[in-house]
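# Observations on chain architecture
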Amino acid sequence: MALEVMARATTPIPLDVAFRVEPGELLALVGHSGSGKTTLLRTIAGLWRPEGARVTVDGTTWLDTVARVDLPTHRRRVGIVFQNYALFPHMTAAQNVMAAMDTADEAEAERILDLVNLHGLADRKPAQLSGGQQQRVAVARALARKPQALLLDEPFSAVDRATRERLYAEIIELRRFLAMPVVLVTHDMNEAQLLADRMVVIEQGRVVREGTTAQVMADPEALRAMGIREVAVMLPAVIAEHGTDGLTRLEAEAGPLFLPAVEGAPGTHVRVRIMAHEVILSRARPEGLSAQNILKGQVTELVTGKGPAVTVHVMVGDHEILARITRRAAEQMALRPGDPVHVILKSMSVARDHVARAPSAARAAE
Amino acid sequence: MDWTALWLSLRLAAWTVVILLPVSVFMGRFLAFRQFRAKGLVEALVMLPLVLPPTVFGFYLLVAFGRNSPVGALWQQTFGHQLVFSFEGLVVASVIFNLPFAIQPAQRGFEAIAVEVREAARCCGMSPLTSLWKVELPLAWPGLMTAMVLTFAHTLGEFGIVLMVGGSIPGETKTIAISIYDKVQGFDDRGAAIMSATLVAISLFTIALTYWLSARVGRRLS
């Protein structure tokens, strides 16, 4: 019951893309602006028709240019959150949500608004809501449609950083209730890595890399194709204790991690995004160092690209951490696969919005 | 005070508004949302009555609706009287002459609706008709109301085209503006003054009412 999309076009931008999203899966379409990712979303919704395209969902064909099937947008069960939310300005939050229902049901609207943490704001007009609250109404409205596919078009780009962090956490929580395929369009790699299960990287209308988030983010070639240097991995951990000095102690499999105040009660499962260029490697266990986080691991692979850098894959417990170091350093240390090594990470190098709540214990262990 | 003329003017204005309301919704929406090659030409045609002298316009309407024209002949056959120099003829002329006043503000009203909001309506499962009723009309309402008030007030005050197409038949085509002109011609300054003041009062009232109502709509949206 997946969402399958194939689209080919020459105008307004060249496009030749096919992908598939499983039910309950969150796929991120990542690429620069103008790469064609929003056009793909509009194709799914029926707001745009490329020259050649096929969109099927749950075995129903929404669009097939060969078979001349083209269901109008309002007959596709599609929920979409627009970049600027596109709420109906003359309706209250509850009316906005009810507008997407087949038969208006006020109690159901209240329930969905509660689900997106908008309790008590049902009677506000969009203009009386903050950006983050408007985004939540837009999500609630999209869900009220009971969509067979949920589409998110850069839904976090119009809010400030602090709000964005909260919205990330809420979307991750909300995913427990989402059984349909979800497509997120974004240009923000951090966002994609925090939220998505799989990624499709699109450049100039073509798929340059496709795979699980971990696979794509560990592939320096794919990232270079996108002009991105920030190779990073997601390390699962559990919040252990909030220190009085503003640091939170997390327990990862390979040892403790001290990070600047992470939100959440002790026992909460989180995922920490560790940027490869922030990681320092050392053969001997360093002494007298300011860095708070030293994890023991084993080198599995060294990947050399065209540039002066080497990506070192280090297994820390059951998880892989990537370190971008210079080729010269790798040679001086004489690093080989199998070598034991210490991974050093500055506490302050992990930005607040690089820590996200794990979707659930089961998902974090994947 | 020529009550017959005032009543006739009000009836003419009301009919013009009733007929032009759906036209302004359809044409305003069409011109606001669609892009096509001849759009500039269509917009220019709609605006033409605004710049043409009423006499020129009236002359063409006389030719088009006269007894010797196909339209005029058909009308004569069907209804047993001619279209020109009748109330019906006046309504037709008034509708055409008010096109710019009805369509232009309506078009601006529809143009003010963000594309994504219309797309969101479709993604909420609304058919084009439902979307028009539940989303577009409430949002374009200030523009539509301006259109209707301008049409109403402008019809009350129209003179030249009424004289050309309607003549000055009491109870049939003699509007308040024509009646005022007759009073002045007949040296009835007092009658002219009372009727002029009445016209000023009615026009001021309708326009003030729109401003008040659109301010209310503005508050509703924010």
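Model, not experiment: these values are computed from the prediction.

What counts, and where the lines are drawn
Residues numbered from 1 in each chain as written. Chains lettered and ligands numbered in written order. Predicted model: local features only at pLDDT ≥ 70, side-chain atom pairs only at ≥ 80, totals over all residues. Heavy atoms only, no water. Helix = DSSP H or I, 4+ residues; strand = E, 2+ residues; numbered from the N terminus. Buried < 20%, exposed > 50% of the residue type's maximum accessible area, 1.4 Å probe, protein only. Contact = heavy atoms within 4.5 Å. Areas by Shrake-Rupley, 256 points an atom, 1.4 Å probe, with all protein chains shown as cover. Lys, Arg positive; Asp, Glu negative; His and termini not counted. Charge placed at Lys NZ, Arg CZ, Asp CG, Glu CD. Rg over C-alpha atoms; globule rule 2.2 N^0.38 Å. Buried area = accessible area lost by both parts, 1.4 Å probe. Salt bridge = Lys/Arg side-chain N within 4 Å of Asp/Glu carboxyl O. Polar contact = N/O pair within 3.5 Å; in protein donor to acceptor, adjacent residues only side chain to side chain. Pairing = 2+ DSSP bridges. Axes fitted to C-alpha atoms, helices over the stretch in contact; angles between N-to-C directions. Core = buried A, V, L, I, M, F, W, Y, C linked by side-chain atoms within 4.5 Å. Domains from an automatic or database assignment. Patch = residues over 30% accessible without salt bridge, like charges linked within 9 Å, V, L, I, M, F, W, Y side chains within 5 Å. Parallel < 35°, antiparallel > 145°, perpendicular 65-115°, else oblique. Nonpolar A, V, L, I, M, F, W, Y, C, P; charged D, E, K, R; others polar. Disulfide = S-S within 2.5 Å.

So, on to the overall build of chain B. Each helix and strand counted, chain B has 11 helices and zero strands in total. Secondary structure elements in chain B, listed N-terminal to C-terminal, are α-α-α-α-α-α-α-α-α-α-α. Expressed along its principal axes, the backbone C-alpha trace of chain B runs to roughly 65 × 40 × 30 Å. For chain B, with 222 residues in total, the buried portion stands at 45%. The contacts in chain B between residues at least 6 apart in sequence include a share of 71% that link residues at least 24 apart. Total accessible area on chain B stands at roughly 11300 Å², and carbon and sulfur atoms take up 70% of it. Averaged over its 16 positive side-chain charges, chain B has a centre that lies 9 Å from the centre of its 12 negative ones.

Looking only at helices and strands, one finds 10 helices and 21 strands in chain A. What you see for chain A is a C-alpha radius of gyration of 22 Å, in line with the 21 Å of a compact globule of 366 residues. Taking all 366 residues of chain A together, 55% fall into the buried category. In chain A, of all internal contacts separated by at least 6 residues, the share reaching a separation of at least 24 is 66%. Accessible surface computed for chain A: about 16000 Å², of which carbon and sulfur atoms make up 49%. Here chain A contributes 42 positive and 43 negative side-chain charges, whose respective centroids are spaced 4 Å apart.

Taken together, the 20 residues of chain A in the interface contact 19 residues of chain B. Between chain A and chain B lies a buried interface of about 1700 Å² when both sides are counted; carbon and sulfur atoms form 68% of it. By the criterion of area lost to chain B, the three top residues of chain A are A:His74, A:Phe88 and A:His90, representing 34% of everything that side buries. Counting the contacts that link chain A with chain B gives one salt bridge. For B:Glu119, the salt bridge goes to A:Arg42, with nearest N and O atoms at 2.7 Å. Summed over the shared surface of chain A and chain B, the result is four residue pairs in polar contact (both at pLDDT 80 or more). When residues of the side of chain A that touches chain B are traced back to their parent elements, those giving at least two are helix H1 (37-45) and strand E7 (78-81) of chain A.

So, about the sheet that holds strand E18 (residues 309-316) of chain A. All names here are of chain A. As summarised here, the arrangement of the five strands in space is E16-E20-E17-E18-E19, forming an open sheet in which the pairing is antiparallel. Edge strands, defined here as strands with exactly one partner in the open sheet, are strand E16 (279-282) and strand E19 (319-326). Going from strand to strand, the sheet's axes swing by 45° on average, the running direction of each strand aside. Sheet topology places E16 next to strand E20 (residues 340-345); four bridges connect them, and they run antiparallel. The residue of E20 that forms the bridge with Ser282 is His342.

Taken as a class, soluble globular proteins show a tendency for nonpolar side chains to be buried jointly. Counting 139 residues, the largest nonpolar core has A:Phe19, A:Phe88, A:Leu281 and B:Phe110 as the members making the most contacts within it. No other element matches helix H4 (residues 131-144) of chain A, which puts seven residues into this core. Three or more residues apiece are contributed to this core by two domains, here domain 1 (3-229) and domain 2 (233-364) of chain A. Beyond its immediate stretch of four places on either side in the chain, B:Phe110 contacts B:Val25, B:Gly28, B:Arg29, B:Ala32, B:Phe33, B:Leu132, B:Glu136, B:Leu137, B:Ala140 and B:Leu144. In this structure, B:Ile161, B:Val162, B:Ile176 and B:Ile180 belong to the second largest nonpolar core, which totals 31 residues.

Moving on, we come to the environment of A:Ile172. Within the secondary structure layout, A:Ile172 lies in helix H5 (residues 161-174). Residues A:Ile172 and A:Leu194, 22 residues apart in the sequence, show an inter-C-alpha distance of 8.8 Å.

The subject of this paragraph is a nonpolar patch on the surface. Side chains of B:Leu41, B:Leu45, B:Leu48, B:Leu50 and B:Val51 sit close together on the surface and give an oily, nonpolar patch of about 500 Å² of accessible area. Of note, B:Leu45 is situated in helix H2 (residues 39-51).

How big an interface is tends to be reported as the loss of accessible area on association of its parts. Residue and element names in this part refer to chain A. Along its sequence, chain A is carved into domain 1 (3-229) and domain 2 (233-364). Across the boundary between the two partners, domain 1 contributes 17 residues, which contact 20 residues of domain 2. Carbon and sulfur atoms supply 47% of the area buried between domain 1 and domain 2, which totals about 1700 Å² over both sides. On the domain 1 side of the interface with domain 2, the three residues burying the most area are Ile172, Gln193 and Leu194, jointly 29% of the side's total. There are zero salt bridges connecting domain 1 and domain 2. Here domain 1 and domain 2 share two residue pairs in polar contact (both at pLDDT 80 or more) between them. Mapped onto the side of domain 1 that touches domain 2, the elements with two or more residues apiece are H5, helix H6 (189-195) and helix H8 (220-225).

Within a sheet, adjacent strands bond to each other through the backbone by hydrogen bonds, running parallel or antiparallel. Residues and elements named next belong to chain A. Spatially, E14-E13-E12-E15-E21 is the arrangement adopted by the five strands of the open sheet, whose pairing is antiparallel. Of all strands in the sheet, those bounded by a partner on one side alone are strand E14 (255-260) and strand E21 (355-357). Neighbour-to-neighbour, the strand axes of this sheet turn through a mean angle of 40°, independent of strand direction. In terms of strand pairing, strand E13 (residues 247-252) meets E14 through six bridges, oriented antiparallel. Counted as the bridge partner of Arg249 is Phe258 from E14.

Residue and element names in this part refer to chain A. Positive phi values are uncommon outside glycine, yet Lys146 reaches one of about 50°. Of note, Lys146 is situated in the loop between H4 and strand E8 (149-153). Looking at Lys146, the relative accessible area reads 56%, which means it is exposed.

This paragraph deals with the packing of helix H5 (residues 87-97) of chain B against helix H6 (residues 99-111) of chain B. Residues and elements named next belong to chain B. Interhelical geometry of H5 versus H6 gives an angle of 40° and a closest axis separation of 5 Å. In terms of orientation, H5 and H6 fall into the oblique class. Taking contact as the criterion, the partners of Val95, Ile96 and Phe97 in H5 are, on H6, Leu99, Pro100 and Phe101. Partitioned by chemical class, the residues of the contact of H5 with H6 number six nonpolar, no polar and no charged.

Before going further, it helps to spend a moment on the state of the cysteines. Residues and elements named next belong to chain B. Taken as a whole and judged by the stated rule, the model has zero disulfides over all chains. Cys123 forms no disulfide, and the closest cysteine sulfur to it belongs to Cys124, at a distance of 7.2 Å. Cys123 sits in the buried class, given a relative accessible area of 4%. Judged by relative accessible area, Cys124 falls into the buried class, the value being 7%.

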